[in-house]
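# Breakdown of the fold
If you want the building blocks of each chain, they are given just below.
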Amino acid sequence: VDLHVRIDGRRDLSGQIYRQIRAAILDGRLRPGEAIPPSRELAVRLEVSRNTVSVAYDRLNAEGFVSGVVGAGTFVSGRIHREPAAVRRPGERSTDGRLRPRPVWDAIPEAPDFTASAEFDFRLGLPDARLFPHETWRRLVARELRTAAIGPGKYAEPAGHGGLRTAIARHIGVSRAVAATQDDVLITNGTQQAIDIIGRVLVEPGDCVAVEEPGYRPTRRVFESLGARVVGVPVDEEGLVVAALPDDARMVYVTPSHQFPLGMSMSMQRRMGLLAWADQRGVVVVEDDYDSEFRYGGRPVEPLQSLDRDGLVVYVGSFSKVMLPILRLGFLVAPASLHRALRVAKYVTDWHTTLPLQAALARFIEDGMLARHIRRMRQEYFLRHSRITAALAGDLADWLEPIPSAAGLHMAAFARTGNADDMREVVRRAGAVGVGLHDLAMIRLAEGRSGLAIGYGAIATERIDEGLRRLRGCLAAVLPGGEGSPRRA
Ligand SMILES: Cc1ncc(COP(=O)(O)O)c(C=O)c1O
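Predicted model, so just to flag it, every value in this text is computed and none were measured.

What counts and what doesn't
Residues numbered from 1 in each chain as written. Predicted model: local features only at pLDDT ≥ 70, side-chain atom pairs only at ≥ 80, totals over all residues. Heavy atoms only, no water. Helix = DSSP H or I, 4+ residues; strand = E, 2+ residues; numbered from the N terminus. Buried < 20%, exposed > 50% of the residue type's maximum accessible area, 1.4 Å probe, protein only. Near = heavy atom within 4 Å. Polar contact = N/O pair within 3.5 Å; in protein donor to acceptor, adjacent residues only side chain to side chain. Areas by Shrake-Rupley, 256 points an atom, 1.4 Å probe, with all protein chains shown as cover. 1 Å grid on protein atoms, 1.4 Å probe; cavity = no way out; pocket = protein on both sides within 12 Å on 5 of 7 lines; lining within 4 Å. Sits in = over half its atoms within 2 Å of the grid points. Nonpolar A, V, L, I, M, F, W, Y, C, P; charged D, E, K, R; others polar. Patch = residues over 30% accessible without salt bridge, like charges linked within 9 Å, V, L, I, M, F, W, Y side chains within 5 Å. Salt bridge = Lys/Arg side-chain N within 4 Å of Asp/Glu carboxyl O. Points joined across faces, edges and corners; volume = space filled by probe spheres on them. Pairing = 2+ DSSP bridges.

### Digging into the side chain of Gln358
With respect to the helices and strands, Gln358 occurs in helix H13 (residues 355-366). Assessed through its relative accessible area of 0%, Gln358 is described here as buried.

Below you can see the structure in the form of structure tokens.
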């Protein structure tokens, strides 16, 4: 490492060098085994004699902070006892800093931690990475990283790779009946950035943004961070309750094909009702179609985007479920009146999404590999969905009331008895026996019926039964009236 050492004046030069290197070792900036600069090089850099530096290094050596290896250099010693953080003396500068973020950032929690893994992983929002076609994807990405493909490596078009936008327009035209051309599509770093860009373009501080309650919190946080007044609107078995929308909403954010987290699909009547409501007020409807590719039955309901006749819907799609969330690839489809502003907002935000990945994804779609992967995953997820549905109707029926859902990567169920504390205890006990899952209260912002959300993207199909058997034990231990009471299924 190129350690920064600063010399003030001409006094005690060796002492200054010694103290700065010692401090860097003690506070961890220099780690055991790391080389410190050769004395000759540091002397030239600081415009001091080599002897001045050698005196400092000899002292560090004598005190055990560094050791020299002849011909190889000087290295930080292996075992250093770190000093506790120094107490600041009056007049000394604060290392904390006086700068404070806008208050809204204190109110927004950190991103959830997905690093821990569960033996039986029923957590939400995770696809099965084991079944991803890694070899194919690696080949496509490697091709886009070749010198010829990169060319001069200049900044690219903010709206995204032209081939990818065309491929997406065609893909959603066929699979979702979304009417779009390349010009309507803008590539983003996942849904999260699509919402951020839409918010920047359409939401003023203080505006009312209506979201589903319970609903997907990460996108709600975007609106909060933009200074919007976010209002939760209840959902029932037909989806968002349009009659409960606040009159002054400037934007409505919904997940119609698979409500997050409860899992129902928005009925056609509600869809038409929402569009009529938005039309009367000129309000934008943001349709998050995050896992619509996985449907296991029932007639697919048309997206709001294709029902919209007034150019009021912005459709958002993601590759996090059909591929992997770490790729951070998604897109939005917007009416022409927003194209320019969205493109400029994307440019202002991060100029454009990483181009080699966009190009690789374009090939992946064009060559039919995405469609093949989706078909394969749909079959696998359908098996998982069926097992969980059967368990909810059988072994778990005494405690849980499933919410009908025929799509996506998770399903939800209300608790028949027990309150939010009981559910928290069920989830805690489940965690202790290796079962990871979410309590609905973790997803809600307002009070509501307690229950569980059960994801099946990450768990291998053959592990589901044992995972649910363990969950059953936790439910029976916490909630009254389960064991022995008549089955309701
Ligand atoms: C409702 C909803 N929208 C979108 C996403 C995907 O977000 P992103 O594309 O930012 O990964 C998720 C992931 O869990 C989700 O639950």
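So that's the structure; there's more coming.
### Quick look at the site of the ligand
Near the ligand you find 13 residues, and of these Thr191, Asp288, Ser318, Ser320 and Lys321 are the closest. In the model, an oxygen atom of the ligand is placed 3.0 Å from a nitrogen or oxygen of the Gln192 main chain. Within the side chain of Asp288, an N or O atom sits 2.6 Å from a nitrogen atom of the ligand. Alone, the ligand offers 400 Å² of accessible surface; in the complex the protein occludes 93% of this. Among the detected pockets, the ligand sits in the largest pocket. Ranked by the residues each element gives to the shell around the ligand, the list is headed by helix H8 (residues 190-202), at three residues. Of the residues in the shell around the ligand, the class split is three nonpolar, seven polar and three charged.

### A closer look at a nonpolar patch on the surface
Together, Tyr155, Tyr347, Val348 and Trp351 make up a nonpolar patch on the protein surface, roughly 460 Å² of accessible area in all. Here Tyr155 lies in the loop between helix H6 (147-150) and helix H7 (162-176). According to the relative accessible area criterion, Tyr155 is exposed, its value standing at 62%.

### Here's the deal with the layout of surface pockets
Space inside the largest pocket adds up to approximately 1500 Å³. Lining the largest pocket are 46 residues, and of these Pro112, Phe114, Leu124, Tyr216 and Pro218 lie nearest its centre. For the lining of the largest pocket, the secondary structure elements donating two or more residues are H8, helix H9 (217-225) and helix H16 (440-443). Looking at the lining of the largest pocket, the element that brings in the most residues is H9, giving five residues. The residue makeup of the lining of the largest pocket, split by class, is 23 nonpolar, 11 polar and 12 charged.

### Things to note about the pairing of strand S3 (residues 73-76)
In this structure, strand S1 (residues 35-36) lies alongside S3, joined through two bridges in antiparallel fashion. By the bridge assignment, Ala35 is partnered in S3 with Phe75. Joining the antiparallel neighbours strand S2 (residues 66-69) and S3 is a turn of three residues, in which Gly71 adopts a positive phi near 85 degrees.

### Looking at empty space enclosed by the protein
Evaluated as defined, the whole model comprises three cavities of 30 Å³ or more. Roughly 80 Å³ of volume is contained in the largest cavity. What lines the largest cavity is simply His171, Ile172, Ser175, Arg176, Asp289, Ser292, Glu293, Tyr315, Gly317, Ser318, Phe319 and Phe331. Counting residues per element, the ones that place at least two in the lining of the largest cavity are H7 and strand S11 (313-318). Residues that form the lining of the largest cavity fall into these classes: four nonpolar, five polar and three charged. Of the pockets and cavities examined, the second largest cavity occupies roughly 40 Å³. As for the second largest cavity, its lining consists of Arg176, Ser257, Ser265, Arg271, Ser292, Arg295, Pro300 and Val301. Of the residues assigned to the lining of the second largest cavity, the class counts are two nonpolar, three polar and three charged.

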